[in-house]
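Here are the chains, one letter per residue:
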Amino acid sequence: MTTMTLDRSDDLITPLRLLRQLPSIARRTPRMLQGALIAATTHAGSRGGLGWAVERATRINPQGPAVLYRDTTLTYAAFNAWANRIAHHFYREGLRKGDVVVVLMENRPEMLAVAAGLAKLGVVAALVNTAQTGAVLTHSVNLVAPKAAIVGDELLEVFSTVRPSLQLPAAGLYRYADADTTVDATLAAGYRDLADEIATLPVYNPPTTRSVKAEDGLFYIYTSGTTGLPKAAIMSQGRFMKVYGGLGHSVQLGPDDVLYVPLPFYHATAIVACWSCALSGGAGVALRRRFSASEFWNDIRHFNASAFGYVGELCRYLMDKPEQPSDRQHRVRAMVGNGLRPTIWGPFKQRFGIERVMELYGSSEGNLGFSNVFNFDNTVGFCPLPYKVVKFDRDADRPVRGSDGFMIECALGEPGLLIGEISARNPFDGYTDPAKNAASILTDVFKKGDRYFNTGDLVRNIGFRHAQFVDRTGDTFRWKGENVSTTEVENIMGQSPALEHAIVYGVEIPGTNGRAGMAAITPRGAFGESEAAHLLAHLRQQLPAFAVPLFLRVQQAAVTTGTFKYQKGPLKKEGFDPAAVQGDRLLVLLPGERAYRELTPAIHDGILRGDYRF
C-alpha cells in the first residue's frame, strides 16, 4: 500500500484561523442561515426548483438585468416572460413532468430561456456537450429517450448528420435561430422554428411551476464522455435548490451585481452553481460563447461584472497573460468555481485583487457538495452533509478495510477517499444506468447495511469540516477541466490496427493543472511516422481533444500481473522522462503541432522549464 503524507500542513484550519474569519462570517451569517434553511428543508416532496427560482428573482428585481450577452441586456421581467412562452408551448404540445427534451446549443440567452421554460413544466433538459459528434452524439441523444430536441442553428449541421439514427419523433425536432449562423432552407427542412412558434403565446407564469417538486428531474448532465459512450447523470430540482440555498446564499450577490460566466452551460458548474448564485440574489448573469483569455477582462469591464465563474485551467490561462496596468481595473470581488490549485491561489488573488474565492466541489451524479463559504485559502470548502474520508490503497485501487471488515477513517491532514453517506435526506440521484449506480455505491462501510457514495476522489480533511482536493483515483484523471477515463481511451486505442496493447494513465506536467494523458503502446509491427500519424488521426476522430494522449511510450511488450492486469504504477512513476525509460521510445504531441515527434532529452528539459504551453 502506498504511504501518503500531508505536505501542506500550513493549510490546516486551526481554531485561531477560524477566529480570524469570524468578523467577515458574522456579516454574512443572516443570509447564509436563510440559504441553509432552504437547503435543509429540501426533501423529496418539497416544492421549488429552477423555475421557482427564476420567478422569485423576477419578483425581487423585475427591471434589473437577468441575462447579458454582447450588447444585449434582458431584464428579469422580459426573460421570465420568454421562458413562460416556451413553457406554454411545450405544455400545449403535450409534454409533462418527467418527459425529456434534448438541448444542443452554445452559450447564448436562448439556452437559458429554454432551460428555464422546461424547468417550469418539470420537463428534464438533457444538456448535450456541444463538442459531441457522430456516434457519440447519437448515443447521448438516444440514451435518454427524448420526446423532442431543440438545436441551435450553430449546431444544426452537426445534428443533421446523425438525425437518421436518432430515436426522436419527427414532430419533436426544433431549431433555434442564431444571429451568427446562416442556415439554408434545405438544412432547416424538417425542423420547427421554435422562436416563431412561441412568438404570440402567453407570458404569464404557468401554474405547473407550483407542482414541481424536489424529487423531479431538472437536467441530464453528461459525464466521462471520453469514448463516445457518455453517462447521463441526473440533476434533480432538489439538488439545484440545495446549491441555490447553500452556495447561492453564501456568495451573496444582489440586484446590482453581475456574474460573468464564460464556461459552457452544458456543465453543472455554469448552469447549476453559477446561475443559482445569480438567481438567489436577483443578480444578472453575463454570457460568452467560448472562453477567451485575451478578452476575459475586457468582457468583465464591458458587463461591469462584480463576480465571475471559473475552472482551474481558466485561471492558469489568465495568469499566463503578461501583467497589465489594467489587471485591477474592475469591480470583481468574488469568483465562483472549482479546480483552483494551491500553487496559483494566492498569486491569482494578489495580481487581480480578488477578495473571495468561492471554490466548490461536487459532481453531477454525487450526493456531496463543498463550498468555501468561510473564505479560507486552498480548500474546496465546507460541507454540512454527512461524509467521511477513509484510507485508500492506491496500488490496489480500493479503500482499506480493517480486521473487522470495515473501512478506516483518515487522520486530520491525511489523504484518503471521500465518501458520502446515502440516506433519505441525502439521496444519491446517480445515473440513468442502474449498473453505473451500483458501481458507485459502497456498502457495509462502518456498519452492516450502511451505504456510501464513492466519489472517486482523494481529499484531505483539513479541519472544521473542510477538505482539500488531492487527486482522482483509479482509472480516471482530470485534464483541461474534464475527467478522462483511461479504460475508455484504451478501448479506442485498441481499435487501431497498428496496436496490440495500449495502457493509458495520467502524468503531471509542471505548471499545469491535473494530469495529461500518456499511453504505453505495444505496436503490432513497425511504428514509424506513418503509423503514428494514422493513430493520431484515429484518436482525433474518436476522442475529444482533451482525451487524446499527449505522450506515447513505445514498448516491445506490455507488463502485466499474474492475473493479466496492466502494471500502471511503474509507468506513472517513470512518466515521460527519457532518463527513466530504459529501452523504450518516447513520442510527444507538442502544443500547436499536428504530429507526434520524438521526445528528446532537450525537449523534456524544455517541458520541465515551461517552454511549451500545454
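Residues numbered from 1 in each chain as written. Predicted model: local features only at pLDDT ≥ 70, side-chain atom pairs only at ≥ 80, totals over all residues. Heavy atoms only, no water.

Draft legend 1. Seen up close, the nonpolar core. Leu50, Phe79, Phe219, Trp275, Leu279 and Phe308 are the most contacted members of the largest nonpolar core, which has 105 residues in total. Broken down by element, this core gets its largest block of residues, 10 residues, from helix 10 (residues 268–280). Counting residues in hydrophobic clusters, the runner-up holds 44 residues, among them Val507, Ala520, Ile521 and Tyr596. (Core = buried A, V, L, I, M, F, W, Y, C linked by side-chain atoms within 4.5 Å. Buried < 20%, exposed > 50% of the residue type's maximum accessible area, 1.4 Å probe, protein only. Helix = DSSP H or I, 4+ residues; strand = E, 2+ residues; numbered from the N terminus.)

Draft legend 2. View of the sheet that holds strand 29 (residues 585–588). Pairing within the open sheet is mixed, and its 5 strands lie in the order 26-27-28-29-30. This sheet does not close on itself; its edge strands, each paired only once, are strand 26 (499–507) and strand 30 (597–598). Relative to strand 30, strand 29 is paired through 2 bridges, and the arrangement is antiparallel. Across the sheet, the residue bridging to leucine 587 is glutamate 598, located in strand 30. (Pairing = 2+ DSSP bridges.)

Draft legend 3. How the structure looks around the packing of aromatic side chains. As enumerated under the stated definition, the model contains 23 aromatic pairs in all. Arranged with centres 5.1 Å apart and planes meeting at 65 degrees, the rings of phenylalanine 90 and tyrosine 174 form a pair that is edge-to-face. Taken as a pair, phenylalanine 90 in helix 3 (residues 76–92) and tyrosine 174 in strand 6 (residues 173–176) lie far apart in primary sequence, 84 residues in all. Take tyrosine 174: its relative accessible area is 2%, and that puts it in the buried class. With a centroid separation of 5.8 Å and 75 degrees between ring planes, the pair formed by tyrosine 361 and phenylalanine 370 is classed as edge-to-face. Across the pair, phenylalanine 370 and tyrosine 361 agree in class, each one buried. Taken together, the ring pairs in this structure connect Tyr260, Phe291, Phe296, Trp297, Phe303, Phe308, Tyr317, Phe348 and Phe352 into an aromatic cluster. Here the guanidinium or amino end of arginine 96 rests over the ring plane of tyrosine 91, the centre of that ring lying 3.7 Å away. Its guanidinium or amino end placed over the ring of tyrosine 191, arginine 163 lies 4.7 Å from that ring's centre, counting from NZ or CZ. (Phe/Tyr/Trp six-rings, centres within 6.5 Å; stacked < 30°, edge-to-face > 60°. Lys NZ or Arg CZ within 6 Å of the ring centre and 35° of its normal.)

Draft legend 4. Here's a closer look at the side chain of threonine 379. When you line up the elements, threonine 379 lands in the loop between strand 15 (369–371) and strand 16 (381–382). With a relative accessible area of 2%, threonine 379 lands in the buried category. A polar contact of 2.6 Å, which involves the side chain of threonine 379, links it to the backbone oxygen of alanine 467. Setting aside residues up to four positions removed in sequence, threonine 379 forms contacts with Trp345, Glu359, Asn372, Ile462, His466 and Ala467. (Polar contact = N/O pair within 3.5 Å; in protein donor to acceptor, adjacent residues only side chain to side chain. Contact = heavy atoms within 4.5 Å.)

Draft legend 5. Fine view of the pairing of strand 25 (residues 482–485). Pairing of strand 24 (residues 476–479) with strand 25, which is carried by 4 bridges, proceeds in the antiparallel orientation. The partner of tryptophan 479 across the bridge, within strand 25, is glutamate 482. Taken together, strand 24 and the strand that follows it, strand 25, pair antiparallel across an intervening segment of 2 residues, in which lysine 480 is found at a positive phi of about 55 degrees.

Draft legend 6. Structural context of the environment of valine 102. Following the sequence through the fold, valine 102 ends up in strand 3 (residues 100–104). Between the C-alpha atoms of valine 102 and glutamine 582, which are 480 residues apart in sequence, the distance is 50 Å. Beyond its immediate stretch of four places on either side in the chain, valine 102 contacts Ala126, Val128, Val141, Val144, Pro146, Ala148, Ala149 and Ile150.

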